[in-house]
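Listed here are the chains, written in short residue letters.
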Amino acid sequence: MARDQDFRVRFWGVRGSIAAPGPATVRYGGNTSCIELRCGSRLIVLDAGTGLRALGGQLAAEAPLDADLFLTHTHFDHVCGLPFFKPFFQPQNRFRLWAGHLGGTYTLQQVMREFMMAPLFPVPPEIFKAAVEYRDFHAGETLAPAPGITVRSAPLNHPNGATGFRIEYAGKAVCYITDTEHVPGSPDRSVRSLIEGADAVIYDSMYTDDEYARLYVGWGHSTWQEAVRLCKPAGVKKLIAFHHDPEHDDDKLDAIGREIAAAMPGAFLAKEGMEIVI
Ligand SMILES: [Zn+2]
Ligand SMILES: [Zn+2]
């Protein structure tokens, strides 16, 4: 039984853009974005990439579940696990799916129907047996998914939009900032205000500064060096680099891990299976 003040994070998918399984990525993991948060006995899931499938396998044994799943956005690598999430097929469960990046152009339910539709996908979301509610909001709003849990949000700089989150529970704060592109030399003020004084910040560190400048301006992602530039002056205790480039193998990530730890005490790379007590 979880103690009420327990605030934990577990990584089920840490890879950006596309799953990258295989011997060269086995230590950091190949699954795309999915994070489990436990706020006492409450469950919150962040993003629904391929990592969601394995999380669902574990959660199926915990039914009945009543939980919230926050999507940063609906790019494929953040939603493709949804049709394979076992708890959606258990009638005793209740989920709320939240998205704040659609700006009223679409509803989240419309996007789900279009993504789970022939000839892209064989079955529609109506096959889910759990009660699944779709909740649209505008990035920037503050949400209260359950008593004692506050979720602040902010829009991120990403093609088609994305939402950054700050989840506050038991006097602690965890921020989830992916996918987002920085402007070199001009720290993102809304990200800076969201992460101020946070206990942990999980940040889009897809590239190095050098790769970004040479190859990836305008691709919608950031760098581990920018993560340090944002988190150090904001007094962040733990910086967790996330959304690893599928082209970065374990040895490359080990090298980045050494550099980020030297640049900021308390900074390290997310790994699939890693659990952190906040
Ligand atoms: Zn992504
Ligand atoms: Zn994206």
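Described below are features of the structure shown in this document. Quick caveat: nothing in here was measured; it's all calculated off a predicted structure.

### Here we look at the overall build of the protein
1) Next: The number of helices and strands found in the protein is 7 helices and 14 strands.
2) Next: The C-alpha radius of gyration of the protein comes to 18 Å, within 12% of the 19 Å expected for a compact globule of 278 residues.
3) Next: Counting the 278 residues in the protein, one finds 55% classified as buried.
4) Next: Here the analysis covers contacts within the protein between residues at least 6 apart in sequence; of these, 66% occur between residues at least 24 apart.
5) Next: Of the accessible surface of the protein, which amounts to about 11,700 Å², a share of 55% is contributed by carbon and sulfur atoms.

### Things to note about unusual backbone geometry
1) Next: Geometrically, the link from Ala118 to Pro119 is a cis peptide bond, its omega value of 0 degrees lying close to zero.
2) Next: By secondary structure assignment, the location of Pro119 is in the loop between α3 (108–115) and β6 (131–136).
3) Next: Note that the residue after Thr178, namely Asp179, is joined by a cis bond; omega there is -5 degrees.
4) Next: Note that Asp179 resides in the loop between β10 (172–177) and α4 (189–195).
5) Next: Within the chain, His243 stands out as a residue other than glycine whose phi angle is a positive 60 degrees.

### Regarding the packing of aromatic side chains
1) Next: Evaluation of the coordinates by the stated rule reveals 16 aromatic pairs.
2) Next: Considering the side-chain rings of Phe89 and Phe128, the 5.5 Å spacing of their centres and the 85 degrees angle between planes classify their relative orientation as edge-to-face. A residue pair is termed long-range when its members are at least 10 positions apart, and Phe89 in the loop between α2 (76–79) and β5 (94–99) and Phe128 in the loop between α3 and β6 qualify at 39 residues.
3) Next: By relative accessible area, Phe128 is classed as buried at 9%.

### Focus: the environment of Asn31
1) Next: Mapped onto the elements, Asn31 comes out in the loop between β1 (7–13) and β2 (34–39).
2) Next: Accessibility expressed as a relative area gives 24% for Asn31, which makes it partly exposed.
3) Next: With 215 residues separating them along the chain, Asn31 and Pro246 place their C-alpha atoms 9.7 Å apart.
4) Next: Polar side-chain contacts of Asn31 include one of 3.0 Å to the side chain of Glu272.

### Let's talk about the coordination of the zinc ion (ligand 2)
1) Next: Protein-derived coordination of the zinc ion (ligand 2) comes from His73 (NE2), His75 (ND1), His158 (NE2) and Asp179 (OD), at a distance range of 2.1 to 2.8 Å.
2) Next: Coordination at the zinc ion (ligand 2) comes from 4 donor atoms whose angles at the metal span 91 to 172 degrees, giving a geometry best classed as irregular.
3) Next: Each donor residue of the zinc ion (ligand 2) belongs to the same chain, with the gaps between them written as H-x1-H-x82-H-x20-D.
4) Next: Here the zinc ion (ligand 1) and the zinc ion (ligand 2) are spaced 3.7 Å from one another, each receiving a donor from Asp179. Pair noted here: His75 is in the loop between β4 (66–71) and α2 and His158 is in the loop between β8 (149–156) and β9 (162–169), with a separation of 83 residues, a long-range link.
5) Next: His158 gets classed as buried once you look at its relative accessible area, which sits at 10%.

Thresholds, definitions, all that
Residues numbered from 1 in each chain as written. Chains lettered and ligands numbered in written order. Predicted model: local features only at pLDDT ≥ 70, side-chain atom pairs only at ≥ 80, totals over all residues. Heavy atoms only, no water. Helix = DSSP H or I, 4+ residues; strand = E, 2+ residues; numbered from the N terminus. Rg over C-alpha atoms; globule rule 2.2 N^0.38 Å. Buried < 20%, exposed > 50% of the residue type's maximum accessible area, 1.4 Å probe, protein only. Contact = heavy atoms within 4.5 Å. Areas by Shrake-Rupley, 256 points an atom, 1.4 Å probe, with all protein chains shown as cover. Phe/Tyr/Trp six-rings, centres within 6.5 Å; stacked < 30°, edge-to-face > 60°. Polar contact = N/O pair within 3.5 Å; in protein donor to acceptor, adjacent residues only side chain to side chain. Donors = N, O, S within 2.8 Å, 3.2 Å for Na, K, Ca; no water. Tetrahedral: all angles 85-135°; square planar, octahedral: opposite > 155°, others 65-115°.

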